[in-house]
Amino acid sequence: QAFAKRFSVRPYVNGDANVFVVALASIVARVTHNAKMKEFHESHPDYNFDENNGYGSKSHIDVLHRLGSLEGIHRMSFKQVAGR
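Since we're looking at a predicted model, the values are computed, not measured.

Colleague: Pulling in residues and values, what's your account of the layout of surface pockets?
Modeller: The method is simple in principle: a probe with the dimensions of a water molecule rolls over the atoms, and the space it marks as empty is what remains. Counted as a void, the largest pocket has a volume near 200 Å³. Broken down by secondary-structure element, the contributors of at least two residues to the lining of the largest pocket are α3 (20-43) and α5 (58-67). No other element matches the three residues that α3 contributes to the lining of the largest pocket.

In structure tokens form, the structure reads like this:
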């Protein structure tokens, strides 16, 4: 809330389709995310980050159940990871 008090903040429905800087941020986030997944795959190939990009696909969930989560990579609050 401190941020909202200091700056004008308003929501934009479909902001990435209608606001240039939001679209740009979305692209930067995707490229950065995919680069990190490529790095993670190189250091942890059994997790198939190159195929699932870290998203909760069935194959990724299966690997998490089989191998467990990786601290610093997986969100421990994700219900498929919690307690593993």
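Colleague: Residue-level account of the nonpolar core, with values.
Modeller: Within the largest apolar cluster, eight residues are counted, these being M37, F40, Y47, F49, I61, V63, L64 and L70. If you list the elements that add at least two residues to this core, you get α3 and α5. In terms of residue count, the dominant contributor to this core is α5 (three residues). F49 has contacts with M37, F40, H41, H44, G54, H60, L70, I73 and H74, leaving out every residue within four places of it along the chain.

Colleague: Give me the pattern of salt bridges: which residues, what numbers.
Modeller: Pairs may arise between side chains of opposite charge once their charged atoms sit close together. One pass over the full model with this rule turns up two salt bridges. K36 is the partner of E39 in a salt bridge, and the nearest nitrogen-oxygen pair spans 3.4 Å. Here E39 pairs with K36, and both are found in helix α3, just three residues apart, close to one helical turn. Residue class for K36 comes out partly exposed when judged on its relative accessible area of 36%. Taking the shortest distance from any N to any O, the salt bridge between K58 and D62 comes out at 3.0 Å. With a gap of four residues between them, K58 and D62 both fall in helix α5, about one helical turn apart.

Definitions and limits used
- Residues numbered from 1 in each chain as written.
- Predicted model: local features only at pLDDT ≥ 70, side-chain atom pairs only at ≥ 80, totals over all residues.
- Heavy atoms only, no water.
- 1 Å grid on protein atoms, 1.4 Å probe; cavity = no way out; pocket = protein on both sides within 12 Å on 5 of 7 lines; lining within 4 Å.
- Points joined across faces, edges and corners; volume = space filled by probe spheres on them.
- Helix = DSSP H or I, 4+ residues; strand = E, 2+ residues; numbered from the N terminus.
- Core = buried A, V, L, I, M, F, W, Y, C linked by side-chain atoms within 4.5 Å.
- Buried < 20%, exposed > 50% of the residue type's maximum accessible area, 1.4 Å probe, protein only.
- Contact = heavy atoms within 4.5 Å.
- Salt bridge = Lys/Arg side-chain N within 4 Å of Asp/Glu carboxyl O.

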